[in-house]
Structures are given as C-alpha cells and as structure tokens.
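Structural overview for review
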Amino acid sequence: MSQENTESNNPKIGHDEWVAQVASRQAQAYPLMRWWHALPGYGQWLMGLLGLALFLLVPIITANPLLLASFNLSNNNFILLTLNRFLIFAMLAIGLNVVVGYAGLLDLGYVAFYGLAGYFYAYLASNFVTAFSPNGIHLPSLVVIILIVAGVSLIGYLLGALSLRLSGDYLAIVTLGFGQVFTLLALSATRIYLPGRDRAVDFTRGPNGINGLDPLNFFGLSLNENWHYFYFFSLMLLLIYIMVYRINHSRIGRAWRAIRDDELAAEVMGTPTGRLKLLAFALGAGIAAFAGVLDAAWQSNVVPVPRYSVFTLINLYAMIVLGGIGSLPGAVIGAFIFTLLPEILRSVALASVIFYGLSLWGLYIFSGSWRRFGRLLAFGILFGFVLKGLLLLLNVARADLASSSALNSLIQSWLFIAEPYKVLGNVLTIVGILLVLALVIWRKHQTFSDILAVLGLYALAFAWETRLGLEPAATRILIVGLSLVLLMIFRPQGLLGKAEVRVV
Amino acid sequence: MLELTHLNLQFGGLKALSDVNFKLNQGEILSIIGPNGAGKSSLLNVITGIYKPISGDIHFQGQSTLKLSPHQITRLGIARTFQNLRLYLNMSVLENVMTGAYCQSRAGLLSTALRLPSWRKEEAEIRAKAEHHLSFFGNRLQGYRHQQPAYSLSYANRRRLEIARAMTTGASLLLLDEPAAGMNPHESAEIAEVILRLRDEGYTILLIEHDMNVVARASDRVIVLDYGKVIAQGSFAEVTEHPEVIAAYLGRKAVG
Amino acid sequence: MADFFALLPQSLINGLTLGSVYALIALGYSMVYGILKLLNFAHGDIYMVGAYLGYGVFVMASVDEKLLLPVGLLIFLMLVVAMVGAGLLSLAVERFAYRPLRYAPRIAPLISALGVSFILQNLVQITVSPRPLNYGSNQLLPANNSIEFLNVKLPYARLLVIAVTLILLLILTYLVQRTRLGRAIRAVSIDMDAAAMMGVDVNRVIMATFFIGASLAGAAGVLVGIAFYSIRHTMGFLAGLKGFTAAVLGGIGSIPGAALGGLLLGLIEALASVYWSITFKDLIAFVLLIVIFLLRPSGLLGKAAIKKV
C-alpha cells in the first residue's frame, strides 16, 4: 500500500473536504461496493460489457445438451421464460421508477397502463374483434406498438391531468382507484349493451382473458421462439435504459428530482411543475404500455388476474424499493432478484439451501464478528442436542418425517421433531418470525439477544422442516414479505439508492 | 421596473397587506423592513405569484403578472430566495444551480433521448452558466463542493447557493428574503458586500432583512411595513428617524 | 316501480350490515392515518386475523354440530378474543414494522406494511388452511331466524352486526371525546412533536391507537363471519381497500367521517347491486372514490389543509 493511500484512509476530523465526503465513504462499507469503486472508469465499462455479453450468451450456453442433462431438463425453455419475464419486469420497473423515483409521484395505478396495452393489443392483433372482419384485426406490430404506446401515454396524460392537483397520499389513493377500476372492468365487462345493438358485447372475456394473440412481426419476419423474444426484449430494455438514463441526466431529469425534493421551490425557480409531472406520468405510462404490448404478444394472451392486478403492482414496487428508489440499475437488479428468487424457491432442496444459507448469513450480520457468530452457532447446536437428549429421556413421542435431501436429514437429526409436529411447526413458524423481528429490535442487548438468536435458529429450523419447506408457494411470499420489512428497517434506500434527507 | 399599485392581500378575515404601493427602479437596491408579521414575506409571495391578491396590480417591466403562475413570472425575470431555505437537499450543489436554468432552455424529450448536437450545446451552456454563478462566491462553492449534496452544506453556504440558483434563472430582479438570517456578524457583513456586487453585475434587488447593519450598508432606499401597510419610505437614515417607525419597532407607549 | 319499493327495505338492511363492517374497518385506517400519516395497508389483514380468531373460539366451543355455550355468550366471547387478539397483533406490527421507520422516507412504512400484509396472509394460509372456512349456516344465528317488522324480514345476524357496531361506535366516541387518552390521541394527531414536548407519551398514544383501531377491525372480522358464514385468508385485501375507501370518503383522519363513509359505501353498494348490476358492485366503490376525490379532495367531512410557504 502506498504512502498516499494510507493517508487518505486515515480520518481527518475537522478537515472540510474529508468530512464532506462522508457519503461516498459510507457507500464503500461493503466489500463488493469497494471493489467496484476501486475499478477505474474503463474497468467498470469493461465489467459491464462483460456482464452484458454473458447475459446475452445465456440462451446459447443453456441450450447445451450436456448441461441440460445434468440438471434433468429436456430443454432450456424454462430458463428463457424466466429471463423473458425478467426483461419485461425490468422495463416496467424502469417506467415506474420514472414516475415514483424521479418525479416522486406515488402512482398505485401503474399496472393499469400495462394491462390496457395488453388488451389493446388483443383488439388490434388477434381474432377477437370481429366487428370489421370475421377474422379479426391483424395490424403489423410496428403500427400497433406506435398506436398503443401513443394512445396509452395520452390516457396516462389525461388521468394525470385529472388527479395531479392532488398531492402525496391522495394521489396514491386516486391512482389506486384507477387501477382497481381497470382490473374490475377487465374481470366483468363481458356483457355490455352498446347503443344501436341488441346483443350484449363481450369486451374482455372476463377472468379467462383473451387467447390467441398474434406474435410480434416486423416486415414479414415474425418472432415465434422464446429465444427470438429474449434477444428482442434485451435490445428493447437496453434502448429504454439508455433513453431514461439520458433523460434523467438532462434538464428534465433535474427538474423532476427538484420537484421531488421541493415542489414549491421548483415552481418558483421557473420550472413548470404541472407540465413536468404530467410528462413523467405519460412517459411512465408509455413505457408500461410498451412492455404490455411486448408481453401480450410474447405470451399470446392477456389475463386480468393476477397479471394486471395489484399483486403485480406490489411486486413492481418491491423491485424498485429493493433496488433503490430513483436508481436505474437498481430497478433492473430489483427486477432480476424478484423474478428469479421465486423460481429458485420452487425447488424444495434448493430452497432449503437458500433458507439455511440466508439464516446463517443473517446470524453473521447480526453477530458482527466471526467470534460471536461461532459462539452463537455452537450454542445453537448444543442447545438442539441437549434439548433432544432431555426429551428422549422423558420418552416424548417422536414424529417420523421424510426428508427430501441430505441437508434436510442432517438438520432433522439435530432437531427433535415431536408429535403433533404439524401443530408445533405452526406455532414455531409464528414464534420464529417474532423472534427474528425481536432480534432486530433488541439487537443492542447482548445477552438477551444471544438467547433470542439461539432460540430463533432452532424455531426457524423446526418450522422449516415441518411446515415451511412443505408449503413452498406460501413460504415464497412469506419470505418476500419478511425481507421487505427487514429491508425497510435496515436499508430503506434499497441496494443502490441514496439515503434521502428530508426537512422535518 | 417593478410597480405595485393598491395591493391588498387577505387570508380569511386577516388583512396581510393593505393598499401597498411602491415602485422599484432599474439597478436599485430597495430594502423592506418591519417587525415580525408585518407582511414582508407575504409581499414576496404575492410578487412571485404564490399568493394571489384580492385587489391591486403588479407590473413587471410594464406587464401585469397577476394572471401568471409562479414559473411564468420567473421566466419574465423575477427570481427569489427563501427565508427558510428551500434547496433541493438531495441533489448536488451544481445540479441545484443548473435546475435554475430550466426556464431558459428548451431541449425536449426527443433531442434529449437522442443527445442531438443542439442538446449537447445547450447542456454545456447550462453547466458553464451554473459554474460561473457559483464562482461568484469566491472559493466557497468551488472544487469538490460542486458534486456534494446540498444537505451537507453549512447554513451560510446554503444561503449562497440559493442566490446562485436564483441568478441562473436569468432573472434581472432578485428578491432576497432575509439572506443574512442565522449568519454570524462576519458572514452578514459579507452578505452586504455580495448584495452590492450583485447590483454591480446589473441586478435590481428587493431585500427583506432584519439585520440593520446589512440594510444600512446595502440599501439605496428603505420601505417600512407594519400591519401590512407602508408606514414610511426613504433613505435608511430618514426612515430610522421617522416617529411611526420607532413606534412600530419599540411599541406605541415608548414614544408616548 | 312496485319492484323498486318491494326490494328497498331488504337492500337497506343489507347495506347497513355491509356498511357497519366497512365503518369498523375504516375507523382503524382513519385513526392510524390521523396520527402517523401512515397508510396501514396491513389493516385489512388484521381484520382477517380477527375473523380467524373468532372462528377459532367458535370451533373450540362446538362439538359435533352442537354448541357448548349459549349463543349470546359465545358471540360475546368470540368478539372479545378477536378484539384483544387483533389488538395485540397490531401492537406487534407497530413495534416491529412501523416504529423503526417513523422518521424514514414516506414510502418505507408503506412497503413495510405491504410486507406485513404478505406475512399475515401466508402465515394464516400455512398454519390454518388455504381453503375458505365455513361456519355452517345452521349453527350460529341461521339465516331464516328473523323477526318481521312491517312486513320486512330482519335476520338476527344482520341485526347483530348493526347493533354491535353501534355499541362499539358509542364506546369509541366516549373514549375519544371524554377521556384523557382521547384527548392525548387528538393532541398527537394535530402535532406529534408539540404533544411530546407537552408531556404526552407519544409511543403510548400511538400504541393505544393501533390497539383500538385493530380491535375494531377484529370485531368486524367476527361479525362478517357470523353474518356471511364464510371466511378466507385473502378476505383482508378487498375489505381493506373498501375500508380505506370508506375512510377517504368521509375524510381520512376524521372519526365520525370514517363511520359515515363506511355506512354510505355499504348502502351505495347494496343499492347498486340490487338496482343496477351485481357484477359492478365493487367497481362502484372505486369509481365513487375517484369522483369524490376529484370533486372534494379532502373527503366529505375532512378539512382542507393550509399551505405554508
């Protein structure tokens, strides 16, 4: 280490410039961040390009029959499906990030634009609308995309114009109302009597949605395979990313962030706040509409629930919050984590590895040092065996449980799983969650929190082996919920966001 | 340059300004003083279009501003600072100043997304202008400070940053709302110098200030407000001799 | 026209029943918002847990389709358990998910609330059942047990909902208007910091507010189970949205507003589903929400805030 380097690492308290750089030093508290910031500019570019190239090679790499065989897969469709979904969600998250992250408008009706575009695509590119020709309307994709993105942006603009005089929470409520109206209409607008027609018209086919949408086609070339869509979506995401990045680093982006920080000051300093907020609304709606068209064409159908419901909205918010509100790479990373995580958690064996891995990682973070971590882990293991010995001596009845992997059977040999194990598992699930949260709150009390940690570890393992591991669908969402709460407590600015300062 | 005629402002039953008339000439530094609650800040809020008066008129360079929204008034050439500091705390110092140039620039979505030459030129101009206005305060807001978030600045520097932001809007009239509030005597003295230098740069200035040293040092003319009414105007020496002004500041009884 | 009048009394009763439930949920939303300016999206799930707690008591007190306790006592017990249980649960939620975020950016507690909502729903799904639970309409206040009043059938179950709601509203009004705690709640909702400096224990007041709001929602959960015979772990979501709409309708933060908004929403929904179309019943709530907001941004009984510069 050079002389200069050691000097810059020493605290220079009272030294203006050093104190002023506190934020950038805090950002480098994590090894990965430090590594990234230590790279020279071209190194970061190179790493980025390398990552991108690797990502683009995924369809080719995963098509390798040897690799597929080792994972007992017959083709890589599943991987491509997941990745395509990620790409769509990344576009949506970027659009939402424009509205929420840049302009600071809490828009809870965002999925409606995504859904509207889907239905419009169904009207313009399938057999569904037979009013003009018995075979439906089949416009070329380029025309449809332009029409729909323009149309939905306009709708976003108009809805924005209606509701923008409301601020903060009230805007959130009204947009939530708009979103609900859309979902409910999509579900129930199946028998609408139009003037001048005696038969009721079905607009949406209700909960089943509309099937048989045209694939995307450009100048006679149509996209039929998942990997076609993969490359097309990747390109589109890249374009949207660059576009939003550029807008954010211009007078428009600066004005949005100014409005988010202090709307009145922005207005008085010459920024037309109303027009800019509408622009954010319309741009967000346009990006959502674009993603909506691509998604509907790729999946070849539109389904109101859950795709266009609040569930997707919550998912999107979770993504941008995890990535860091207002951070463009954060939105993409958030989308990546939240699309991949649930898929990985589908496999019980893999989910177990992740669950115990996360638990140990959490324990390490909580301990703060390897010493304490080792001590707690040792105590935890000891506690398990002592309890087991005690209960064996008392002749408590044991439950016979099948274990699905080596890890599970290892853990089960440490636990004492007594009858009725289902009821106990239920109780310990709740206890385990409460213990985790209690640990977070009372982490400052050493001895007390040590005891909580040991008990928590045991309760979580028990709950996982008897209940959680066996209910993967519900557990997935449970874990997502818990991680949202913990994320907000520990890092409300998300992974890549900046901590915000507000005047109280 | 700025002319207020028979201006009345009311909140519910409360009269904040009643029949305020005055004229501000090009290149002048006009101070408005008065006890707390006299209507000084309300006056600025009316001029910048945040509050709408119930009667009277405001003309800026011959044009009435009553029907304009605040951002349009700024575009005409009136910019202000805030008594309780309203910076964009989470943006960098340079960005704070650059936002001021919004009303002076015109790049749209398309040219921004494509980074057309016209956009590049305009962006470079905005940046140069912002850097130029920051350099107005010597090395206080220079160098590494450009990239710092505004929340990390000291109180005095935040006041300076607000002035720089107002200058970047391209305004010819600056309304300064207590620029020396919360500063130590040394910094207040410096603010008085800054105000005089602003005038030398060609700005016309309307100053609201409680620090009488600053008012005495900087202003060409002083208007005294009390209970929303103009009770005296003239040079600093003249108004401080005015019996009504003494009464307003010290209480009626003191004068007898 | 004859049809119109024939259906009116019945739909009024339905509307009042539904409206009572919405009002009880809306109160919790409104009280918490009044104090913390927090949209507590987990509130609907607290109501759901209340419904399950009440059902738990019911199951324990019934053996082979027969009740071990008199119906009145059983219902009282269900209400008490659900109210206390929901109240305690909301204290835990407040302590773990909201209090650490009291000075975080506005969106943080909102996301945390969504997380809590996920946790509660899926915990119930895992530990109880993913399927709806049925009271079995013959055991507790059957549907055809009713009194006739001026040729209108008034089922006991519906009357019970309305009566319990009325009683709870009276207790709440007394609590807020006449007690020390109520005064503290009102003070904190106007200015939390000032109240703290005047010696009000803000944390205690916030906890009390959460407890009261959640116990009202818990009661609503039990009442819904009794009146409509079936509960489900996902029932909190839509009910939460409706309660929230009701709170907004009456002016969020206002207690009489929340009660009024709930009743109004219930009545409108009931009338609309009879006279217009039952499929669009839910739609009406949200269209109403939008229209009210655009016409009167601070709600029916809300006060417009003053802008400070």
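Residues numbered from 1 in each chain as written. Chains lettered and ligands numbered in written order. Predicted model: local features only at pLDDT ≥ 70, side-chain atom pairs only at ≥ 80, totals over all residues.

1. Structural notes on the overall build of chain C
Helix and strand counts for chain C come out as eleven helices and six strands. Whereas a compact globule of 309 residues would reach a radius of gyration of roughly 19 Å, chain C reaches 20 Å, a difference of no more than 12%. In chain C, which comprises 309 residues, the proportion classed as buried is 54%. The contacts in chain C between residues at least 6 apart in sequence include a share of 77% that link residues at least 24 apart. (Helix = DSSP H or I, 4+ residues; strand = E, 2+ residues; numbered from the N terminus. Rg over C-alpha atoms; globule rule 2.2 N^0.38 Å. Buried ≥ 20, exposed ≤ 12 C-beta atoms within 10 Å, placed from the backbone. Contact = placed C-beta atoms within 7 Å.)

2. Looking at the overall build of chain B
Scanning chain B from terminus to terminus reveals eleven helices and ten strands. In terms of overall dimensions, chain B has C-alpha extents of about 70 × 40 × 30 Å along its principal axes. The buried share of chain B, reckoned over its 256 residues, is 46%. A sequence separation of at least 24 residues applies to 65% of the contacts in chain B between residues at least 6 apart.

3. A few points about the packing of helix α22 (residues 472-490) of chain A against helix α4 (residues 107-127) of chain C
The N-to-C vectors of α22 of chain A and α4 of chain C enclose an angle of 150°; their axes lie 8 Å apart at closest approach. Between α22 of chain A and α4 of chain C, the interaxial angle falls into the category roughly antiparallel. For the element pair α22 of chain A and α4 of chain C, the recorded crossing hand is left-handed. Along the contact surface, α22 of chain A presents Ala474, Ile477, Leu478, Val480, Gly481, Leu482, Leu484, Val485 and Met488 of chain A, while α4 of chain C presents Ala108, Ile111, Ser112, Leu114, Gly115, Val116, Phe118, Ile119, Asn122, Leu123, Gln125 and Ile126 of chain C. Tallied by class, the residues present in the contact of α22 of chain A with α4 of chain C amount to 16 nonpolar, five polar and no charged. (Axes fitted to C-alpha atoms, helices over the stretch in contact; angles between N-to-C directions. Parallel < 35°, antiparallel > 145°, perpendicular 65-115°, else oblique. Left-handed = near helix turned anticlockwise from the far one by under 90°. Nonpolar A, V, L, I, M, F, W, Y, C, P; charged D, E, K, R; others polar.)

4. Remarks on the interface of chain C and chain A
Opposite the 37 residues of chain C that make contact, chain A presents 41 residues. Of all elements in the fold, only α3 (71-98), α4, α9 (235-250) and α11 (281-295) of chain C reach the threshold of two or more residues within the side of chain C that touches chain A. Of the residues forming the side of chain C that touches chain A, the biggest block, 14 residues, is contributed by α4 of chain C. Here the side of chain C that touches chain A is built from residues that sort into 29 nonpolar, six polar and two charged.

5. Topic: helix α5 (residues 117-134) of chain B
Residues and elements named next belong to chain B. Compared with an ideal rise of 1.5 Å per residue, which puts 18 residues at 26 Å, α5 spans 26 Å between its outermost C-alpha atoms and is within 8% of the ideal. For α5, the complete set of buried residues consists of Trp119, Glu122, Ile126, Ala130, His133 and Leu134. The arc enclosing the buried residues of α5, seen along the axis, measures out at 110°, which places them on a common side. Looking at α5, the residues exposed on the side facing more than 90 degrees away from the buried face are Pro117, Arg120, Lys121, Ala124 and Ala128. (Expected span 1.5 Å × (residues − 1). Arc of directions from axis to C-beta.)

6. Details of the sheet that holds strand β5 (residues 63-64) of chain B
Residues and elements named next belong to chain B. One open sheet accounts for four strands, arranged β2-β1-β4-β5; its pairing is antiparallel. Of all strands in the sheet, those bounded by a partner on one side alone are β2 (14-24) and β5. In the packing of helix α1 (residues 40-47) onto the sheet, the strands contacted are β1 (2-11), β2 and β4 (55-60), and the crossing angle to β2 comes to about 65°. (Pairing = 2+ DSSP bridges.)

7. Concerning unusual backbone geometry
Omega for the bond connecting Val305 of chain A with Pro306 of chain A falls within 30 degrees of zero, at 5°, which places this linkage in the cis form. Its location among the elements puts Pro306 of chain A in the loop between α14 (273-299) and α15 (310-323). The backbone of Asn395 of chain A sits at a positive phi, close to 60°, despite the residue not being glycine. Tracing the backbone shows Asn395 of chain A in the loop between α18 (370-393) and α19 (406-414). C-beta crowding within 10 Å serves as the criterion here: with 7 such atoms nearby, Asn395 of chain A is assigned to the exposed category. Positive phi, normally seen in glycine, also occurs at Lys37 of chain C, with a value near 55°.

8. Some words on the environment of Gly101 of chain A
Residue and element names in this part refer to chain A. Mapped onto the elements of the fold, Gly101 is located in helix α7 (residues 77-102). Assessed through the 29 C-beta atoms surrounding it within 10 Å, Gly101 is described here as buried. Spatially, the C-alpha atom of Gly101 lies 8.3 Å from that of Arg257, the residues being 156 residues apart in sequence. Aside from chain neighbours lying at most four places away, what touches Gly101 is Ile320, Ile325 and Gly326.

9. Here's the deal with the pairing of β2 of chain B
All names here are of chain B. In the sheet, β1 pairs with β2 via seven bridges, with the strands oriented antiparallel. Bridge pairing links Glu3 to Lys23 in β2. Hairpin connection of β1 to β2: two residues between the antiparallel strands, including Gly12 at a positive phi of 60°.

10. Focus on the confidence of the model for chain C
Predicted confidence across chain C gives a mean pLDDT of 86, with 94% of residues reaching 70 or more. Across the interfaces of the predicted complex, the ipTM metric reaches 0.92, alongside a pTM of 0.88. (pLDDT = per-residue confidence, 0-100.)

11. A short note on the sheet that holds strand β9 (residues 221-226) of chain B
Sheet strands line up and pair through hydrogen bonds in the backbone, either parallel or antiparallel. Residues and elements named next belong to chain B. Read across the sheet, six strands follow the order β6-β7-β8-β3-β9-β10 without closing on themselves; strand pairing throughout is mixed. Only two strands of the sheet have a single neighbouring strand rather than two, namely β6 (78-80) and β10 (229-234). Mean inter-strand twist for the sheet, computed between neighbouring axes without regard to direction, equals 20°. Both strand β7 (residues 173-177) and strand β8 (residues 204-208) contribute to a ladder of five bridges, which runs parallel. Bridging from a neighbouring strand, Leu174 pairs with Ile205 of β8. Here α1 sits on the sheet and contacts β3 (29-33), β6, β7, β8 and β9; the angle it forms with β7, its principal contact strand, is near 150°. Contacting β9 and β10, helix α10 (residues 243-250) runs over the sheet at an angle of about 125° to β10.

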